[in-house]
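# Overview (structure and organization)
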Amino acid sequence: MRGFRASRLIMAQDPFTSFMPEALALARTAQQRGEVPVGAVVVHNGAIIGRGYNLSRTNADPSAHAEIVAMREAAVHLQNDRLDNCDLWVTLEPCTMCAGMISHARIRRLYYSVPDPKGGAVESGVRFFDQETCHHAPDVYSGFEADAAALLLKEFFAMRRPEPNGQTARRHRGSCVILSPARLNRVPENTHRWCAASLHAPG
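What you are looking at is a predicted structure, and each value in this text was computed from that prediction instead of being measured.

### A short note on the packing of helix α4 (residues 66-78) against helix α5 (residues 96-105)
Interaxial distance between α4 and α5 falls to 9 Å at its minimum, and their mutual angle equals 25 degrees. As far as their axial angle goes, α5 and α4 are roughly parallel. As α4 runs across α5, the sense of the crossing is left-handed. Along its contact with α4, which presents Glu67, Ile68, Met71 and Arg72, the element α5 presents Met97, Cys98, Met101, Ile102 and Ala105. A class-by-class count of the residues in the contact of α4 with α5 yields seven nonpolar, no polar and two charged.

### Points about unusual backbone geometry
Despite not being glycine, Asn45 has its phi angle at roughly 55 degrees, a positive value. Residue placement: Asn45 occurs in the loop between β1 (39-44) and β2 (47-53). At Ala60, a position not held by glycine, the phi torsion is positive, near 50 degrees. By the element assignment, Ala60 lies in the loop between α3 (56-59) and α4.

### A look at the packing of helix α2 (residues 20-32) against helix α6 (residues 146-158)
Interaxial distance between α2 and α6 falls to 11 Å at its minimum, and their mutual angle equals 5 degrees. Judged by the inter-axis angle, α2 sits roughly parallel to α6. Along the contact surface, α2 presents Leu24, Ala27, Arg28 and Gln31, while α6 presents Ala148, Ala149, Leu152, Glu155 and Phe156. Of the residues belonging to the contact of α2 with α6, the class tally is six nonpolar, one polar and two charged.

### Remarks on the side chain of Ser63
Counting through the fold element by element, Ser63 comes out in the loop between α3 and α4. Taking relative accessible area as the criterion, Ser63 reaches 17% and is therefore assigned buried. A polar atom in the side chain of Ser63 sits 3.4 Å from the side chain of Arg72.

### Let's talk about α2
Between its terminal C-alpha atoms α2 stretches 18 Å, which fits the 18 Å expected from 13 residues at 1.5 Å a residue. All of the buried residues along α2 are Met20, Ala23, Leu24, Leu26, Ala27 and Ala30. The buried residues of α2 all sit within an arc of 160 degrees when viewed along its axis, so they share a single face. Summarising the contacts, the buried residues of α2 are in contact with β1, β2, β3 (86-92), β4 (109-114) and α6. Remark: Gly34 follows α2 within two positions and exhibits a positive phi of approximately 80 degrees.

### Some remarks on the nonpolar core
Counting residues in hydrophobic clusters, the biggest one holds 35 residues, and the most contacted among them are Val42, Met71, Leu88, Ile107, Leu110 and Phe129. Of all the secondary-structure elements, those providing two or more residues to this core are α2, β1, α4, β3, α5, β4 and α6. Counting residues per element, this core draws most heavily on α6, which supplies seven residues.

### Structural notes on the confidence of the model for the protein
For any part of a model where pLDDT is low, the fine detail of the predicted coordinates should not be relied upon. Mean pLDDT over the protein: 81, with 71% of residues reaching 70 or higher. Within the model, the stretch residues 1-14 combines pLDDT values under 50 with 25 contacts to residues more than four positions away or in other chains. Here residues 168-203 scores under 50 on pLDDT; set against residues more than four positions off or in separate chains, the count is 99 contacts.

### Brief notes about α6
Its 13 residues place the ends of α6 18 Å apart at the C-alpha level, agreeing with the 18 Å of an ideal helix rising 1.5 Å per residue. Among the residues of α6, those classed as buried are Ala146, Ala149, Ala150, Leu152, Leu153, Phe156 and Phe157. Each buried residue of α6 sits inside an arc of 155 degrees when the element is viewed along its axis, so together they form one side.

Rules of the game
Residues numbered from 1 in each chain as written. Predicted model: local features only at pLDDT ≥ 70, side-chain atom pairs only at ≥ 80, totals over all residues. Heavy atoms only, no water. Axes fitted to C-alpha atoms, helices over the stretch in contact; angles between N-to-C directions. Helix = DSSP H or I, 4+ residues; strand = E, 2+ residues; numbered from the N terminus. Parallel < 35°, antiparallel > 145°, perpendicular 65-115°, else oblique. Left-handed = near helix turned anticlockwise from the far one by under 90°. Contact = heavy atoms within 4.5 Å. Nonpolar A, V, L, I, M, F, W, Y, C, P; charged D, E, K, R; others polar. Buried < 20%, exposed > 50% of the residue type's maximum accessible area, 1.4 Å probe, protein only. Polar contact = N/O pair within 3.5 Å; in protein donor to acceptor, adjacent residues only side chain to side chain. Expected span 1.5 Å × (residues − 1). Arc of directions from axis to C-beta. Core = buried A, V, L, I, M, F, W, Y, C linked by side-chain atoms within 4.5 Å. pLDDT = per-residue confidence, 0-100.

Structure (structure tokens):
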């Protein structure tokens, strides 16, 4: 099903609290450290039990995406590899690697801000949760704090544009997130919901 606006979603889950502001704060920390500005939190029973932001370049670890860092911390907190009663909030559509861990961890709900048409794997690319080999798929919601998340990414990638002297700004490596400012301008106006059983790209 598609076309759920944020207001309808909030009414459907009473009480409802968005944890995307906390994820955005973590994304800003990543930006300050020269990492792709993506942040994530894991929520259990209304409380944050895992926090993460991109650390791939800092830790020389290609797996250190925000979602994975947050889910690892949550698993340690619960002393359990299954996070089946937990929700994940992240500022960018997860890539294939992160979608795989979301599935293995049995995350209950996934919320993200903006799509990643080139590197994402939920509504974009391989649509991981719609594959027959995917053993678990969360409920997926997108569009929360989309403008703020898109602006962070736009500012980051603007630093990589060629400068007037012909030189290119310093590149930041270690993340599969690749979004151009032009793509970030095409953020969906409405918040959409993709059900795990029937995942479709937005029209």
